Amino acid sequence: MMRDDTGGRKNDARADASGVATLYHDHHGWLRNWLQRKLGNHGDAADLAHDTFVRLLSKDTLVCPREPRAFLTVVAQGLVANLHRRRKIEAAYLDALAAQPEAVAPDPETRAILLQTLIDIDRRLDGLPPVVRRVFLMSQLDGIAQRDIAEAVGLSIATVQRHIVKALHACCFGNPAA
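Since this is a predicted model, take the numbers as computed values, not measurements.

Enquirer: Can you tell me about the environment of D120, naming the residues and giving the values?
Expert: Its place among the elements puts D120 in helix α4 (residues 108-126). Separated by 54 residues in the primary sequence, D120 and G174 place their C-alpha atoms 8.6 Å from one another.

Okay, structure coming up:
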């Protein structure tokens, strides 16, 4: 569906595509140049400019913004943040992998699967409230006992346990437990 700033709706999927096509025609070059200045890399800028419009096409509802460049900038900034997060995770993984003896290093396919899994877990944890994420990371990465986490964060042990379960659920199933 397409929604304009006045709240009116159009049910025609072609209206969505034509709205994105208009945004693309009018602002793609500007967005690509803006991303190139921000990233300093023509290839990444072209990819993210393209991904911005693909993301808009994949939405059920298209907002026809009064300020299209501001709207596109917000969407693109989310993609830039995802790119930086993915590269940071990839660099950390490759550093950890480099520290392993060659005999235990995974093959390239396994490496790609593991990297994608790490990125998925990071995205899922990022969707949790900060206190839930913090409690989970203290427990799983730092190996801190639940009693000590409760004292450090100022929560009850039962709440710490609920937060850990919620985060585990998000990591395993993609959405937090209710």
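What follows continues from the structure just given.
Enquirer: Can you break down the packing of aromatic side chains residue by residue, with the values?
Expert: Taken as a whole, this structure holds two aromatic pairs when the rule is applied. With centroids separated by 5.0 Å and ring planes inclined at 75 degrees, the aromatic side chains of Y24 and F53 adopt a geometry described as edge-to-face. A residue pair is termed long-range when its members are at least 10 positions apart, and Y24 in helix α1 (residues 13-39) and F53 in helix α2 (residues 42-58) qualify at 29 residues. We classify Y24 as partly exposed; its relative accessible area is 39%. Using a relative accessible area of 3% as the deciding quantity, one classes F53 as buried.

Enquirer: Requested: an account of the environment of L31, with residues and values cited.
Expert: Within the secondary structure layout, L31 lies in helix α1. In this structure L31 comes out as buried when scored by relative accessible area, which is 0%. Distance in space between the C-alpha atoms of L31 and L48 is 9.1 Å, their sequence separation being 17 residues. Look past the residues within four positions of L31 in its chain and what remains in contact with it is A49, T52, F53, L72 and A76.

Enquirer: Tell me about the packing of α4 against helix α7 (residues 157-173), and please be specific about residues and values.
Expert: As a packed pair, α4 and α7 sit with axes 9 Å apart at the nearest point and diverge in direction by 140 degrees. For the element pair α4 / α7, the angle class is oblique. The way α4 lies across α7 gives a crossing that is right-handed. Each of I121, R124 and L125 in α4 lies in contact with α7, whose residues at this interface are A167, A170, C171, C172 and F173. Among the residues forming the contact of α4 with α7, the class breakdown is seven nonpolar, no polar and one charged.

Enquirer: So, the nonpolar core: which residues are in play, and what are the values?
Expert: Judged by nonpolar contacts, the single largest core of 17 residues is most densely connected at L31, L35, L39, L48, F53 and L56. Those elements giving two or more residues to this core turn out to be α1, α2 and α3 (68-98). Not counting chain neighbours up to four residues away, the residues in contact with F53 comprise V20, L23, Y24, H28, L31 and L72. The next biggest cluster of nonpolar side chains, apart from the first, holds 13 residues, and it includes L128, F136, I149 and A170.

The rules we used
Residues numbered from 1 in each chain as written. Predicted model: local features only at pLDDT ≥ 70, side-chain atom pairs only at ≥ 80, totals over all residues. Heavy atoms only, no water. Helix = DSSP H or I, 4+ residues; strand = E, 2+ residues; numbered from the N terminus. Phe/Tyr/Trp six-rings, centres within 6.5 Å; stacked < 30°, edge-to-face > 60°. Buried < 20%, exposed > 50% of the residue type's maximum accessible area, 1.4 Å probe, protein only. Contact = heavy atoms within 4.5 Å. Axes fitted to C-alpha atoms, helices over the stretch in contact; angles between N-to-C directions. Parallel < 35°, antiparallel > 145°, perpendicular 65-115°, else oblique. Left-handed = near helix turned anticlockwise from the far one by under 90°. Nonpolar A, V, L, I, M, F, W, Y, C, P; charged D, E, K, R; others polar. Core = buried A, V, L, I, M, F, W, Y, C linked by side-chain atoms within 4.5 Å.

So yeah, pure geometry; function would need other evidence.
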